[in-house]
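Working through the structure, step by step
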Protein chains: 2
Amino acid sequence: MAVGLGPLSTLHPVPGFELGIASAGIKRPGRKDVVVMRCAEGSSVAGVFTLNAFCAAPVIIARQRFAGPVRYLLTNTGNANAGTGQPGLAAAERTTKTLATLASVGEEAVLPFSTGVIGEPLPVEKIEAALPAALADLAEDNWAAAATGIMTTDTLPKGASRQFQVDGTTVTVTGISKGAGMIKPNMATMLGYVATDAKVARGLLQDLLADAANRSFNRITIDGDTSTNDCCMLVATGQAAVAEIAQPSGAAFEQLREAVFAVFAELAQAIVRDGEGATKFVTVQVNGGGNAQECLDVGYAVAHSPLIKTALFASDPNWGRILAAVGRAGVPQLDVSLIDVFLGGVQICQQGGRAATYTEEQGARVMAQAEIEIRIELGRGSHSETIWTTDLSHDYVKINAEYRT
Amino acid sequence: MAVGLGPLSTLHPVPGFELGIASAGIKRPGRKDVVVMRCAEGSSVAGVFTLNAFCAAPVIIARQRFAGPVRYLLTNTGNANAGTGQPGLAAAERTTKTLATLASVGEEAVLPFSTGVIGEPLPVEKIEAALPAALADLAEDNWAAAATGIMTTDTLPKGASRQFQVDGTTVTVTGISKGAGMIKPNMATMLGYVATDAKVARGLLQDLLADAANRSFNRITIDGDTSTNDCCMLVATGQAAVAEIAQPSGAAFEQLREAVFAVFAELAQAIVRDGEGATKFVTVQVNGGGNAQECLDVGYAVAHSPLIKTALFASDPNWGRILAAVGRAGVPQLDVSLIDVFLGGVQICQQGGRAATYTEEQGARVMAQAEIEIRIELGRGSHSETIWTTDLSHDYVKINAEYRT
């Protein structure tokens, strides 16, 4: 049950970026589970990868290769190829080699991505067998099918698209993402692919990606569990007839940044809206911090608290649990008498105690909504951070207790 | 459904320490919800308190007073008197003043303790009205009734008792605890009271308490939420006819320490066994760490992971989730190729990958048990830490979604 997430909106094709989908039957026969993406020659490719020390074999390989000339991104679902040791590396390499041979490019130009169950051997032959069909399916208008092809426990495909004009020429930014559980990205989300036909210098593209991921995928959490397979790629094909963007300034760069940030925010929030068992979309806004880190510490303490998340599920304005989470966030010398807390527009806590004007009815009214903002004013400085999360429902337990059955 | 926790075993009376129980009807009419404990004159009293910055009013007062001569401990359930600001402090003070007057002692000799819903005003009159009955009920053989009187969402009372001989004289250590949710103590548990009739110098008693709490209550977690009200008190009445223990050495001290550690471990583990919705009692053993902190970081990453906890609930040996949690624990320069993981006696992960000998059947057999050990060998050094936790079940969500209804 996704919160405020409808069918895919229009995903504009990106000239120079094609997507092909096929079925390898990795987890279930007939399921679309292999996606190949082709970048036009000369594309700039940027990437951010999980910081989990137990990163998956494909992450290790993609991270080694992404700085070179990249032509193909190969994604499979149903198997994460993580915790698979040396055989897992060999398996991932073999799939990229097969694709490289079929596509007549160097093996190093193919990046592998996997998502699914951890610890099972990658079914290499099944994936190899599906590659010809995926290549035959390559098309620029295939974003929606690819968004579905990368899903695992997602209930809805996730995509976003923006366009802007540079000197009368239309430039497009389109992306897709997947993920619904094991979500507390650290430098990237589960899997995200965003492409633009702008021409962007590679170093600048990498900086732009890091910045965008930091404001989007690195500010969401569903269960606090960072995946072994998180990757997010940003590709600039350079096919639009506009000048190369090489500096982080100027009108074209500003427009591109705005469009990229918008696409990333929409993709990241879509992951939360479709979070496993989610019945609420929750924005945790922390203001007045002495620095960004303490805002994040408070925000994540609230966003990860099982007690707050179950209260959100129950629509119970149990604001004492919010105070308790703020209090354990580890902020040094926290003066609780300066803290105000708001639930939606309702002040629930004033100077560290229950707000004089607060009534349980006001709190219950806000908590009954599907989209809820918890705003915490620390009164220590001028820093702010925003984190998006979900509630913790019966269905979260059900989904994760039954994941492999 | 408590895991491996039966009826209370014999709780030996501690000479010089009396307990009285009464009903104030704080949350439900007729429920025993007020417990008064009296320490003989001259008792040494040690305490450890929550590190949550939003600590409750009674914690603030108890922390101020416990270094002085203490005669009475006043506990109520049903209301935490937390997040209640200045009026909460005044309310807690008033209850201690009333008890002090009834008992003809100074107000400073009474320490208040509260547990229950956060953010509601303390019903002072109800508590005051119950004090004469609690005082009239004071008796040394009242531990079992007190263990029941301090329960909130606990399904079973928790107590432990040990005795040892010093020069032919029997010395007793007896304690009780409560807590089932919002459990990730930091310096103390929800509420724990342990008394001995040994005579112990106050500074030594405080050191002993800190050490014991650190090895017990500070190594358990149910949901990672640190309470606003955690307190643990250790009282030495000095009524046993043995010499004062003033140094952390010698046979009497060693015996006392062993008995205190045993009582604390049993009380702390009882809290986990009775964890909200718990169907599994899980020991997370981390060995081979370069220092204690990294062992704890890995242990808590595993113990707090909702994905591992739901897999434990489902008896699913989804060991990939364990690797993922180890990998995100933030251990610097973690070499995953040195890591071994065992589930019960079964090696599931060898040198960072699936163990060659591992079969799903072996894992399933361990996971079906009610008591499970997850052992992680980091291969970095000689430090070890042990953490006890629970699974995450449908009932945890149910209990916490419906807590206030």
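Criteria and thresholds
- Residues numbered from 1 in each chain as written.
- Chains lettered and ligands numbered in written order.
- Predicted model: local features only at pLDDT ≥ 70, side-chain atom pairs only at ≥ 80, totals over all residues.
- Heavy atoms only, no water.
- Domains from an automatic or database assignment.
- Contact = heavy atoms within 4.5 Å.
- Buried area = accessible area lost by both parts, 1.4 Å probe.
- Salt bridge = Lys/Arg side-chain N within 4 Å of Asp/Glu carboxyl O.
- Nonpolar A, V, L, I, M, F, W, Y, C, P; charged D, E, K, R; others polar.
- pLDDT = per-residue confidence, 0-100.
- Helix = DSSP H or I, 4+ residues; strand = E, 2+ residues; numbered from the N terminus.
- Phe/Tyr/Trp six-rings, centres within 6.5 Å; stacked < 30°, edge-to-face > 60°.
- Buried < 20%, exposed > 50% of the residue type's maximum accessible area, 1.4 Å probe, protein only.
- Lys NZ or Arg CZ within 6 Å of the ring centre and 35° of its normal.
- Axes fitted to C-alpha atoms, helices over the stretch in contact; angles between N-to-C directions.
- Parallel < 35°, antiparallel > 145°, perpendicular 65-115°, else oblique.
- Left-handed = near helix turned anticlockwise from the far one by under 90°.
- Polar contact = N/O pair within 3.5 Å; in protein donor to acceptor, adjacent residues only side chain to side chain.

Here we come to the domain arrangement of chain A. Reports often express the size of an interface as the amount of accessible area lost when the parts come together. Residue and element names in this part refer to chain A. Taken domain by domain, chain A comprises domain 1 (17–273) and domain 2 (281–401). Between the C-alpha centres of domain 1 and domain 2 there is a distance of 33 Å. On the side of domain 2, 14 residues touch domain 1, which itself brings 13 residues to the contact. Carbon and sulfur atoms make up 57% of the surface buried where domain 1 meets domain 2, a total of about 1300 Å² over both sides. Scanning the region where domain 1 abuts domain 2 turns up two salt bridges. Two residues, Arg 273 and Glu 371, come together in a salt bridge whose shortest N-O distance is 2.6 Å. In the side of domain 1 that touches domain 2, the residues fall into three nonpolar, five polar and five charged.

Another point: the confidence of the model for chain A. It should be kept in mind that the predicted coordinates are not to be read in detail where pLDDT is low. Considering every residue of chain A, the mean pLDDT works out to 91; 97% of them sit at 70 or more. Looking over chain A, one finds the lowest element-wise mean pLDDT in helix H11 (residues 394–401) of chain A, namely 84, and the highest in helix H3 (residues 124–136) of chain A, namely 98.

If you walk through the whole model with that rule in mind, you get ten aromatic pairs over all chains. Residues Phe 17 of chain A and Trp 143 of chain A carry aromatic rings whose centres are separated by 5.3 Å and whose planes lie at 20° to one another, so their mutual orientation is stacked. Taken as a pair, Phe 17 of chain A in strand S1 (residues 17–22) and Trp 143 of chain A in helix H4 (residues 143–149) lie far apart in primary sequence, 126 residues in all. Of the two residues, Phe 17 of chain A and Trp 143 of chain A, neither departs from the other in class, the shared state being buried. Between Phe 49 of chain A and Phe 66 of chain A, the aromatic rings sit 5.1 Å apart at their centres with planes inclined by 65°, giving edge-to-face as the arrangement. Of this pair, Phe 49 of chain A sits in strand S3 (residues 44–49) while Phe 66 of chain A sits in the loop between helix H1 (57–65) and strand S4 (72–76), placing them 17 residues apart in sequence. Taken individually, Phe 49 of chain A and Phe 66 of chain A each receive the classification buried, so the pair is uniform in this respect. Directly above the ring of Phe 281 of chain B sits Arg 273 of chain B, whose terminal nitrogen or CZ lies 3.9 Å from the centroid. Lying across the ring of Phe 342 of chain B, Arg 375 of chain B places its NZ or CZ 4.1 Å from the centre.

Residue and element names in this part refer to chain A. Where helix H5 (residues 202–215) meets helix H6 (residues 251–273), the axes come as close as 9 Å, and the angle between the chain directions of the two elements is 40°. With respect to H6, the axis of H5 lies oblique. In this structure, the crossing between H5 and H6 has a hand that is right-handed. Between H5, through Leu 204, Leu 208, Leu 209, Asp 211, Ala 212, Ala 213 and Arg 215, and H6, the contact on the second element is made entirely by Phe 253, Leu 256, Arg 257, Val 260, Phe 261 and Phe 264.

Right, let's get into the interface of chain B and chain A. On the side of chain A, 50 residues touch chain B, which itself brings 50 residues to the contact. Here chain B meets chain A over a buried area of about 4200 Å², counting both sides, of which 60% is carbon and sulfur. Run the count over chain B and chain A and you get two salt bridges. Notably, a salt bridge pairs Glu 120 of chain B with Arg 354 of chain A, separated by 3.8 Å at the nearest N-O pair. Where chain B meets chain A, there are ten residue pairs in polar contact (both at pLDDT 80 or more). At the level of secondary structure, the elements contributing two or more residues to the side of chain B that touches chain A comprise helix H8 (306–313), helix H9 (319–327), strand S13 (353–354) and helix H11 (394–401) of chain B. Of all the elements, H9 of chain B adds the most residues to the side of chain B that touches chain A, at seven residues. For the side of chain B that touches chain A, the per-class residue count stands at 23 nonpolar, 17 polar and ten charged.

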